[in-house]
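Residue-level structural notes
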Amino acid sequence: MFGCMKSMILVVFPVVLLGRSQVASAEAWPSGSRHEISITGADDNLSGASWNSQLHRLWVVRSKAASESGHSPDGVAWQFEYDAKTGVFVGGNEPIYLPSSAGTDIEACTQVALNNESQLYVMAENQGRIVQFNDLGSEDVTYKYWDLEEQNNGHAMPPENNDGLGAEGLEFVTDEALLAAEFRFPNGDPFTGSQKGMGGLMFVGHQLNGQLWVFDVNPNITDDFVNYGSFNTSADEIAGLHFDRASGLFYIWHNPGSSFWNTLEVTRMTSSTVGTVDSLVIFDTEVPDGNLEGIAIVGQDLCGAYSADEGERLFFFSHDDPGFDGGPPLFYFKHFSCGIECDQSLTAVGIQELLYILQEWGTSDPLADITHDGTVGQADLMLAITLWGTCTVDQN
C-alpha cells in the first residue's frame, strides 16, 4: 500500500492507497560481502548502534565492559568517524565507559540533538529505562533517566522476563517528521506535536510480542514522560530500530531468538489499522543471520558516500554474540539501496486511483479518503496527483 518514486526518492505521505491491501512487498536482502569495522573490547554483547546524520558518525554500545578493562559492569560506548584517506571507520580503540549507576545491560542507543557529540540516549534493558548521558568522554559524565515500566497514562511497558526478553530497540523521531507523516498514536488519536520539550517522540522496540512503544519524554527532568502505549509490528520480536531523517522512513529489525530468522520491516510511521504500523517493505530473504541486535543506516541524503556505489549506502550491524555464531562484532554492507524500485509486486499510482476518488466523491469511503478528513473531495484528489507515479502494493 505504500510506495516510492520511480526516481527512487521516497515520498513521505501516510496514505491508504486506493483499492490496495495493507500487505507489504517482500524483498530479498541486497547482495554483497560484509566489511568489518575494527573495535577493541567488544567480543560479545555489542547490542546497539546509531548513525548521526549531521556529524556523520556511528555510535555503538555494549551492555557491559570486558572484565579485563577494570570497568565491569559499566556499559560502554564507541563513536566512529570515517577516515577518507584510509577508507575505514576509526574510533574503535577509544571506549567510553558509562556509569553503571545509571543503568546496566545497555542494549540500544540514539541521539536527539545531532549537533551534540557528547550526548547519547541509551536503553537499559534490566531496568527498563531510557538514560540520557551528557558530557561523554569527560570525567564529569552526568545523566538523567526515565523508568518506562512504571504505570503511566494507563500503560506500563513490560519488564524483562525470565528468558531475558525485554526492551532492546531505541529511536527518536522528530515532531516535523511525525507531523509530515500524519502520525497517529497507538489508540488512533492524531499526533499534534510532542508536549514535553524534546521536539519529538521516543520509540522503544520490545522483544515481547514485537511491540513498538511510544513515549513523550521531558529531556530536562528525570522520570517525567508520557507513555502512549504500543503498536503491533510484523513480527513477535524487535531487536533494533532506525529512523532516516532524510527520507522519513522508519526501520524495524526483527531478530527472533534462537532461530535468528531475521527480517527488516520498513514503515512510514503510519497506521491505517489502529494499533498496527503499516509495513512498506519487509526484507525476509537472504537477510544476514546471527544474533544481530543493533542497526544503523546511512541516510538517503548520503547515497554513494563512504565507498558505497551510486544509488547505494551503508547498513551497519552490531553483533551481540559473534563467539557463538561467528562473524565480527561490528560490520556493514555497502550495497543497501537508497530507494525501493517498482517491481512486479508493485503498481504505480495513476488514472485508476483518480477515477476511484471521483467515483466516491462526497462519501466517507476509507480507501478514497486518503487525507483522513472524513469526506472524499478536493484534498484527496490533490494528494493523489502529488503521489502520481509512486509505487503501491497490489492486493494480489
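Notes on the structure in this doc start here. (Residues numbered from 1 in each chain as written. Predicted model: local features only at pLDDT ≥ 70, side-chain atom pairs only at ≥ 80, totals over all residues. Heavy atoms only, no water.)

Regarding its fold elements, the chain presents 4 helices and 24 strands. Among the 396 residues that make up the chain, the fraction classed as buried is 57%. For the chain, restricting intrachain contacts to residue pairs at least 6 apart in sequence, the fraction spanning at least 24 positions comes to 57%. Approximately 15,800 Å² of the chain is accessible, and the part contributed by carbon and sulfur atoms is 47%. (Helix = DSSP H or I, 4+ residues; strand = E, 2+ residues; numbered from the N terminus. Buried < 20%, exposed > 50% of the residue type's maximum accessible area, 1.4 Å probe, protein only. Contact = heavy atoms within 4.5 Å. Areas by Shrake-Rupley, 256 points an atom, 1.4 Å probe, with all protein chains shown as cover.)

Of all 6 residues in strand β17 (residues 249–254), 6 are buried; the element is thus mostly enclosed. Here β17 shows a buried face lined by L249, Y251 and W253 and a second buried face lined by F250, I252 and H254. Where strand β16 (residues 240–244) folds back onto β17 in an antiparallel hairpin, the turn is made up of 4 residues, including G248, whose phi is positive at roughly 80 degrees. For β17 and strand β18 (residues 263–267), the ladder comprises 5 bridges, and the chain directions are antiparallel. Each bridged residue has a counterpart across the sheet, and for Y251 the counterpart in β18 is V266. (Pairing = 2+ DSSP bridges.)

What follows covers the sheet that holds strand β12 (residues 167–174). Pairing is antiparallel in the open sheet, where 4 strands are placed in the order β12-β13-β14-β15. Strand pairing shows two members of the sheet lacking a second neighbour, β12 and β15 (225–231), which therefore form its edges. The mean inter-strand angle of the sheet, taken between neighbouring strand axes irrespective of direction, is 25 degrees. As paired elements, β12 and strand β13 (residues 200–206) share 7 bridges and run antiparallel to each other. Residue A167 lies in a different strand from β13, and its bridge partner there is H206. (Axes fitted to C-alpha atoms, helices over the stretch in contact; angles between N-to-C directions.)

Let us look at the pattern of salt bridges. Any two side chains of opposite charge can pair, so long as their charged atoms come close to each other. Within this structure, the stated rule accounts for 5 salt bridges. Salt-bridge contacts for R57 lead to E117; the nearest nitrogen and oxygen are separated by 2.3 Å. Within this pair, whereas R57 is found in strand β4 (residues 57–62), its partner E117 is found in the loop between β8 (106–110) and β9 (120–124), the two being separated by 60 residues in sequence. Residue E117 is classed as partly exposed on the basis of its relative accessible area of 41%. In this structure, D244 and R313 form a salt bridge, with 3.5 Å as the shortest nitrogen-oxygen distance. (Salt bridge = Lys/Arg side-chain N within 4 Å of Asp/Glu carboxyl O.)

The subject of this paragraph is the side chain of T270. One can find T270 in the loop between β18 and β19 (281–285). Overall, T270 belongs to the buried group, its relative accessible area being 5%. Within the structure, T270 has its side chain in polar contact with the side chain of D278 (distance 2.8 Å). (Polar contact = N/O pair within 3.5 Å; in protein donor to acceptor, adjacent residues only side chain to side chain.)

Moving on, we come to the side chain of H242. Assignment of secondary structure puts H242 in strand β16. At 3.2 Å, the side chain of H242 forms a polar contact with the backbone oxygen of I297. Apart from the residues lying within four places of it in its own chain, the contact partners of H242 are W51, E171, L249, F250, Y251, I295, A296 and I297.

One finds W51, L58, V60, F80, F89 and F316 to be the most contacted residues of the largest nonpolar core, which totals 22 residues. Secondary structure elements with two or more residues in this core: β3 (46–52), β4, β5 (75–83), β21 (312–319) and β22 (330–337). Aside from chain neighbours lying at most four places away, what touches F80 is I37, S38, I39, H56, R57, L58, V60, F89, V90, G91, G92 and L330. (Core = buried A, V, L, I, M, F, W, Y, C linked by side-chain atoms within 4.5 Å.)

Here the focus is a nonpolar patch on the surface. Together, I351, L355, L358 and W361 line one region of the surface with nonpolar side chains, adding up to about 420 Å² of accessible area. Take L358: it is sitting in helix α3 (residues 351–359). On the accessibility criterion, L358 (47% relative accessible area) is partly exposed. (Patch = residues over 30% accessible without salt bridge, like charges linked within 9 Å, V, L, I, M, F, W, Y side chains within 5 Å.)

With respect to the helices, strands and loops of the structure, A239 is situated in the loop between β15 and β16. For A239, a relative accessible area of 0% corresponds to the buried category. In this structure, the C-alpha to C-alpha distance between A239 and N291, residues 52 residues apart in sequence, is 9.3 Å.

What follows concerns the sheet that holds strand β10 (residues 129–134). With antiparallel pairing, 4 strands are arranged side by side in an open sheet as β8-β9-β10-β11. One side of each edge strand has no neighbouring strand; the edge strands of this open sheet are β8 and β11 (142–147). Averaged over all pairs of adjacent strands, the angle between their axes in this sheet comes to 25 degrees, without regard to strand direction. Alignment of β8 against β9, held across 4 bridges, turns out to be antiparallel. Looking at the pairing, T110 lines up with Y121 of β9.

For α3, every residue scored as buried is listed here: E353, L354 and I357. Down the axis of α3, the sector holding all buried residues measures 100 degrees, keeping them to one side. The exposed residues of α3 that point more than 90 degrees off its buried face are I351 and Q359. (Arc of directions from axis to C-beta.)

We now examine unusual backbone geometry. Positive phi, normally seen in glycine, also occurs at D135, with a value near 60 degrees. Relative to the helices and strands, D135 is located in the loop between β10 and β11.

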